[in-house]
Amino acid sequence: MRPLSAAYRWSVVSRFVAAIAGGYGLAWLFTAVLALLLRDVWSMPRIDAMLTATMSGLLVYAVVIIAVFRARSATRAWGGLAIAAGPLALVFLYAGTHT
Amino acid sequence: MKQGFRQTMAWLHTWVGLLSGAVLYFVFVTGTAGYFQIEISRWMRPELPLASPVPALSDMLREADRHLRREAAAAEWWSIELPLGRHGHDLRVSWSDGGAQGETRTHTRVIDWDTGLFREPPTARATGGGHALYVMHYRLHYVPRGVSVAIVGVCSMFLLVAIVSGLVVHRKILADLFTFRRGSGQRAWLDAHNIASVLALPFIVMITCSGLVFKMEDFLPAARGPLYGHEHRLLGAELYPQFGQPRPAHRAAGMLPLEHFVPEVRQHWGARAAPRRIRVINPGDAAARIEFWHAGTGTIRQEAREKLNFNAIDGRLLERITDTRSAPILAESTMAGLHEGLFAGPVLRWLYFGSGLLGCVMIATGLVLWSVKRRAKARPGSGRPFGHDLMERLNIGTIVGLPIAVAVYFWSNRILPVDLPNRAAWEMHSLFIGWSLMFGYVLVRPAPRGWAETLGIAAGAFGLLPVLNALTTSKHLGVTLAAGDWELAGFDLTVLALAVIFGATAVKVSMSMRAGHPMRRNIVLIPDAGRKVG
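Small disclaimer: the values here were computed from a predicted structure and weren't measured.

Looking now at the sheet that holds strand S1 (residues 77–81) of chain B. Residue and element names in this part refer to chain B. Across the sheet, eight strands lie side by side as S4-S3-S2-S1-S5-S6-S7-S8; this open sheet has antiparallel pairing. Two strands close off the open sheet at either side, each with one partner strand: strand S4 (117–119) and strand S8 (317–321). Strand-to-strand twist of the sheet, defined as the mean angle between neighbouring strand axes without regard to direction, takes the value 20 degrees. Of the strand pairs in this sheet, strand S3 (residues 104–112) and S4 are connected by three bridges, and their pairing is antiparallel. Along S4, the bridge assignment pairs Ile111 with Phe118. Across the face of the sheet, helix H3 (residues 57–71) comes into contact with S1, strand S2 (92–98), S3, S4 and strand S5 (275–281) while running at roughly 25 degrees to S2. Lying on the sheet, helix H12 (residues 262–269) is in contact with S5, strand S6 (289–294), strand S7 (307–311) and S8; it crosses S7 at an angle near 145 degrees.

All names here are of chain B. Residues of chain B with pLDDT of at least 70 account for 91%, and the chain-wide mean is 88. Ranking the helices and strands of chain B by mean pLDDT puts helix H16 (residues 401–415) first, with 98, and helix H6 (residues 173–177) last, with 61. In the model, residues 518–534 has pLDDT below 50 throughout and makes 52 contacts with residues more than four positions away in sequence or in other chains. Scoring the predicted complex yields pTM 0.92 and, for the interface, ipTM 0.92.

Looking now at the pairing of S6(B). Residue and element names in this part refer to chain B. In terms of burial, S6 is largely enclosed, as six of its six residues are buried. The alternating pattern of S6 places Arg289, Glu291 and Trp293 and Ile290, Phe292 and His294 on opposite faces, both of which are buried. By the bridge criterion, six bridges tie S5 to S6 in an arrangement that is antiparallel. Among the inter-strand pairings, Arg279 is bridged to a residue of S6, identified as Glu291. Bridge count for S6 against S7 is five bridges, and the pairing is antiparallel. The partner of Trp293 across the bridge, within S7, is Lys307.

About the cut-offs
Residues numbered from 1 in each chain as written. Chains lettered and ligands numbered in written order. Predicted model: local features only at pLDDT ≥ 70, side-chain atom pairs only at ≥ 80, totals over all residues. Heavy atoms only, no water. Pairing = 2+ DSSP bridges. Helix = DSSP H or I, 4+ residues; strand = E, 2+ residues; numbered from the N terminus. Axes fitted to C-alpha atoms, helices over the stretch in contact; angles between N-to-C directions. Contact = heavy atoms within 4.5 Å. pLDDT = per-residue confidence, 0-100. Buried < 20%, exposed > 50% of the residue type's maximum accessible area, 1.4 Å probe, protein only.

Here you go:
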């Protein structure tokens, strides 16, 4: 077996951090934003909004983990996470100041 | 990644499985035991009487009603716990006296089925019982709550990812199910892993998703802040609503007999449904209320959410709590109910248990497969890298060591002095002391021999439990089988069956050890999961 380079090892670590922590952060943001949307735009009772958003957030987490490892490189995986998180964070901040 | 989707998924399957395998194995072993937690708890309290047939609901209510009217006419509330569904064998009544200076005293009585009289609850040795094993499968042990939520949550998420990637890697699901090439080293381990995974696949998918949903409010509490802010308490109240507690009218009134409500309860919940608990608020008062709590029989949904509230004087239904009040609540309740399996009768319960064991086999064979592939790849004569050797030893300590530790937990229940302070905690310490000793053992023994030896120890530890039981209690197989108490006998018979499985595996491993190394041959069938991915 060929020895693995340090750069390769670090890129694997980076991917796992992106998947676990980055994925969790993205799932968190997604859940919070969806919960607010369901309550305010769809006028769902808040317990229903909470359950629906959190269940969807779990799915998002699983999909993000797979996507992070599907990405061509660790850097691109982090980039994808940032691109997805940006609009969600904006909506979350906007909703936070307007409710 | 440079390679194709399937190669990436094979790589992901391997590493996600390896990282979370040990924790998931712990979760599956203790969770699978949890499906029989009531039976295990009974075995661990041998002072309690043998099971007796449970009378009809109306008869039990009549007995409880008579006793409470006589002994607790002035109580603030009555509570009747019924031995229906998955709720033990006791018919238990309790009530609370309002003391003069606001101090309240709660009294509890349990029916003695032989005499039909209520008496003080019988005492038994202090033990965590099967419940402690069940709780460990999500709460772990010795770690703060937040840590266990994060570890079990992330590992469950990894399991979900491992399922998806495993399905991508093995497209030929049906073919895999009927493929077992025995005796051909690595390929046999691969086939065993595939068969266990595919057979139990519906269960594994269900149990992973429902477990995540069950604990999602702890694991991903992202919506709580934005939606509830400081009103955290309202979240529980909206998910598990309670009936209001009316103040007493301080006017005596005649209550309907409890069994009067049985037909209407059945009408709402179905003929197979039964209450787990009945609460009477302000008994004998004009403002008396009766609450019926569902026992979880006859419905998949989580039982805790079905409740009926009656006026105890005129018998009117005042309020009904149900989880069908919205689709998301129904979905969450169904997932939680599926995970707990409280609705399952004996056949389905054994299916849950068997599927759980298959899940354990899936994780164990997956971990073994990793080691076997590394060993097959090592250059002949160059010796094995230290890390691979260590991994294999840790695998033995996990895969065989944990069941031994569970057996030690049962042994400690019979061996520790009955009056030992903190006895229940020491039973649990025994489990972890036993597990640590097994890790120490496999670290000093050569790896292939370690498999055979620990499997032999496991066979002995489980196989001798019924003997230990017969030597230390009067609830052994000779008694339980004769009395037809299949729950208690079932424990001894199940550990005997486990002993046979461990023993047969030990013999098989030591035989193939003598015939040459069992896992030596190098056949790579799936896209190489160990290859460099960049």
